[in-house]
Amino acid sequence: MEILNSRIIVRPSDYASTLAFYRDGLGLAIAREYPGGTVFFAGQSLVEVAAHGGSGQAGTFDGAIWLQVRDVSDAAAELALKGIPIDREPVLEPWGLWEMWVRDPDGVPIVLVEVPAEHPIRRDQRWSPE
């Protein structure tokens, strides 16, 4: 199977508040809009907020949206100024990433991640100096 493209689709109980959260709160840029939906750029991925197909009730979401940021402390300060509650302040995890957690209006977990310069994600493991 070849994956050609991907995106995360959320179907919120309140389209307008969720749209404002991703657009104004997180500051994601709009990739495209269509009747009943908006697709946002989210780094190398897309997040689509769809006003259709959902139950109309806030539900559970067993996954999380992973968004890499340059500086998680700056992101925390920016979100606090916008009045967005932070579920968990930035913490350096045992796996070497700085992570902070927030939720969208339907409770979908969003992890904001800072990848330190020395972390293996940022190093080309195919090359090693000799």
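Residues numbered from 1 in each chain as written. Predicted model: local features only at pLDDT ≥ 70, side-chain atom pairs only at ≥ 80, totals over all residues. Heavy atoms only, no water.

Trainee: Tell me about the sheet that holds strand β3 (residues 37-42), residues and numbers included.
Mentor: Strand order in the open sheet formed by four strands is β1-β4-β3-β2, with mixed pairing between adjacent strands. Each edge of the sheet is formed by a strand with only one pairing partner; in this case those strands are β1 (8-10) and β2 (30-34). Taking each pair of neighbouring strands and ignoring which way they run, the sheet shows an average axis angle of 15°. Bridge analysis of β1 against strand β4 (residues 45-50) gives three bridges, and the strand direction is parallel. (Pairing = 2+ DSSP bridges. Helix = DSSP H or I, 4+ residues; strand = E, 2+ residues; numbered from the N terminus. Axes fitted to C-alpha atoms, helices over the stretch in contact; angles between N-to-C directions.)

Trainee: Outline helix α2 (residues 72-81), supporting the account with residue identities and numerical values.
Mentor: Residues of α2 that are buried: Val-72, Ala-75, Ala-76 and Leu-79. All buried residues of α2 fall inside an arc of 100° around its axis, so they share one side. What points out from α2, more than 90 degrees from its buried face, is the exposed set Asp-74 and Leu-81. If you follow the buried residues of α2, they end up packed against α1 (15-25), β6 (88-92), β7 (98-103) and β8 (109-114). Structurally, the start of α2 carries an N-cap: the backbone nitrogen of Ser-73 is 2.9 Å from a side-chain oxygen of Asp-71. One or two residues past the end of α2 sits Gly-83, with phi positive at roughly 80°. (Buried < 20%, exposed > 50% of the residue type's maximum accessible area, 1.4 Å probe, protein only. Arc of directions from axis to C-beta. Contact = heavy atoms within 4.5 Å. Polar contact = N/O pair within 3.5 Å; in protein donor to acceptor, adjacent residues only side chain to side chain.)

Trainee: Break down α1 for me, with residues and values.
Mentor: Restricting attention to buried positions, one finds in α1 the residues Thr-18, Leu-19, Phe-21, Tyr-22 and Gly-25. Where α1 begins, the side chain of Asp-14 points an oxygen toward the backbone nitrogen of Ala-16, at a separation of 3.2 Å. Just beyond α1, the residue with positive phi is Gly-27, at close to 75°.

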